[in-house]
Amino acid sequence: MNDEAKILVSACLLGEPVRYDGQCKALASQALKQLLSEDRVIAFCPEVAGGLSTPREPAEIQSWQTIHVLTASGHDVTKAFQQGAEQTLKLCQQHAIRVAVLTELSPSCGSSQVYDGSFRRERISGAGITALLLRDHGIKIFSQYQTNQAITELNRLG
Ligand code: SF4
């Protein structure tokens, strides 16, 4: 077992086809690939962990004050999103994870921008349900565009 600090990464960034459309995203980061080879990367998808199927209807956050997440057809998936976030936090706590690289714009994983709830691909400042919960518990969240910063932080925290 590797005792060096681990990093959480959105599963879809590591080639797992867990996105709502059944696709994945490609993350071209040599530094992250190095961590993968050292068994220091934990891949996780909060939405799948929360019980949602793949593929699934796209969902967007409608309200942050009282968290409310709806699919495009109006199905309330708030509970699944919250359960996924809680499971992600539990996993981070089990592995003492303090840094995460999460997929920008996702209603679960987005860290600085998400869609505005209109399903018109309009972006607004904000974060997804999982990113918010992890951040509230002191975990540093970075997007896939900030991988080098995430690894610098991982090394700084030791
Ligand atoms: S919830 Fe996160 S890990 Fe899962 S598909 Fe969406 S962005 Fe990727």
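Residues numbered from 1 in each chain as written. Predicted model: local features only at pLDDT ≥ 70, side-chain atom pairs only at ≥ 80, totals over all residues. Heavy atoms only, no water.

A. Spatial organisation of the site of the ligand. As a matter of local geometry, the ligand sits amid 14 residues, with Cys12, Cys45, Glu47, Ser106 and Cys109 nearest to it. Class assignment of the residues belonging to the shell around the ligand gives a composition of seven nonpolar, four polar and three charged. (Near = heavy atom within 4 Å. Nonpolar A, V, L, I, M, F, W, Y, C, P; charged D, E, K, R; others polar.)

B. The pattern of salt bridges, seen in detail. Scanning all chains against the criterion turns up five salt bridges. A salt bridge links Glu38 to Arg40; the shortest N-O distance between them is 3.3 Å. Residue classification places Arg40 among the buried positions, given a relative accessible area of 7%. Between Glu153 and Arg156 there is a salt bridge whose closest N-O contact spans 2.9 Å. With a gap of three residues between them, Glu153 and Arg156 both fall in helix α5 (residues 147-157), about one helical turn apart. By relative accessible area, which is 58% here, Arg156 ends up exposed. (Salt bridge = Lys/Arg side-chain N within 4 Å of Asp/Glu carboxyl O. Buried < 20%, exposed > 50% of the residue type's maximum accessible area, 1.4 Å probe, protein only. Helix = DSSP H or I, 4+ residues; strand = E, 2+ residues; numbered from the N terminus.)

C. The arrangement of the environment of Thr78 in detail. Along the chain, the position of Thr78 falls in helix α3 (residues 78-94). For the pair formed by Thr78 and Ile67, sequence separation is 11 residues and the distance between their alpha carbons is 7.0 Å. Of the polar contacts made by the side chain of Thr78, one reaches the side chain of Asp76; its length is 2.6 Å. (Polar contact = N/O pair within 3.5 Å; in protein donor to acceptor, adjacent residues only side chain to side chain.)

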